[in-house]
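Breakdown of the fold
Read off the chains here:
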Amino acid sequence: IERLVDAFARNAIKDIMACFAEDAVYHDVRGGPPGGTTFRGKDTIEQMFSDQIRLLGQHTYENPIILADDDSGFARWSLVLGRREDRNAPRYDGVD
């Protein structure tokens, strides 16, 4: 999970996807029916993350809190739209 958070902070799609198995399932709390949207399979998940990176532009994450067990993980984080060093960059708290 820590490698995944670091890869997201760098917008590094190949490093992000190296953390997922071919048959991975990703639950996103945004969009879709109540409870969010479920993405199944590595290719589908990669497309969703690639779209997200393009949509957000320069961004990073800070202050992750990570919980994980044998086959699932949870992360709470702050999204920074822009550079982490920019104290005026918008920040949004979220979970995955």
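Everything discussed here concerns the structure shown above.
Residues numbered from 1 in each chain as written. Predicted model: local features only at pLDDT ≥ 70, side-chain atom pairs only at ≥ 80, totals over all residues. Heavy atoms only, no water.

1. Examining the environment of Phe8
- Looking at the secondary structure, you find Phe8 in helix 1 (residues 2-9).
- Given the relative accessible area of 10%, Phe8 is considered buried.
- Spatially, the C-alpha atom of Phe8 lies 8.8 Å from that of Ile53, the residues being 45 residues apart in sequence.
- In this structure Phe8 touches Ile16, Phe49 and Tyr61, once residues within four positions along its chain are discounted. (Helix = DSSP H or I, 4+ residues; strand = E, 2+ residues; numbered from the N terminus. Buried < 20%, exposed > 50% of the residue type's maximum accessible area, 1.4 Å probe, protein only. Contact = heavy atoms within 4.5 Å.)

2. What about the environment of Asn63?
- In this structure, Asn63 sits in strand 3 (residues 59-68).
- Residue classification places Asn63 among the exposed residues on the basis of a relative accessible area of 56%.
- Here the alpha-carbon distance between Asn63 and Leu79, two residues 16 residues apart in the chain, equals 9.1 Å.
- The contacts of Asn63, once residues within four sequence positions are left out, are Arg76, Trp77 and Ser78.

3. Quick word on the layout of surface pockets
- Roughly 990 Å³ of internal volume is contained in the largest pocket.
- Around the largest pocket, the lining is made up of 38 residues, and of these Leu4, Phe20, Tyr26, Phe49 and Asp96 lie nearest the centre.
- Listing elements by their share of the lining of the largest pocket, those giving two or more residues are helix 1, strand 1 (25-28), strand 2 (37-40), helix 3 (42-56), strand 3, strand 4 (73-81) and strand 5 (91-95).
- Per element, the largest residue contribution to the lining of the largest pocket is five residues, and it comes from strand 4.
- Residues belonging to the lining of the largest pocket are distributed by class as follows: 21 nonpolar, nine polar and eight charged. (1 Å grid on protein atoms, 1.4 Å probe; cavity = no way out; pocket = protein on both sides within 12 Å on 5 of 7 lines; lining within 4 Å. Points joined across faces, edges and corners; volume = space filled by probe spheres on them. Nonpolar A, V, L, I, M, F, W, Y, C, P; charged D, E, K, R; others polar.)

4. Structural notes on the nonpolar core
- Ranked by internal contacts, the top residues of the largest apolar core, which has 18 residues, are Ile16, Met17, Phe20, Tyr26, Ile45 and Phe49.
- Elements with a contribution of two residues or more to this core: helix 1, helix 2 (13-17), helix 3 and strand 4.
- Per element, the largest residue contribution to this core is four residues, and it comes from helix 3.
- Leave out the neighbours within four places in its chain, and Ile45 touches Met17, Phe20, Ala24, Val25, Tyr26 and Phe39. (Core = buried A, V, L, I, M, F, W, Y, C linked by side-chain atoms within 4.5 Å.)

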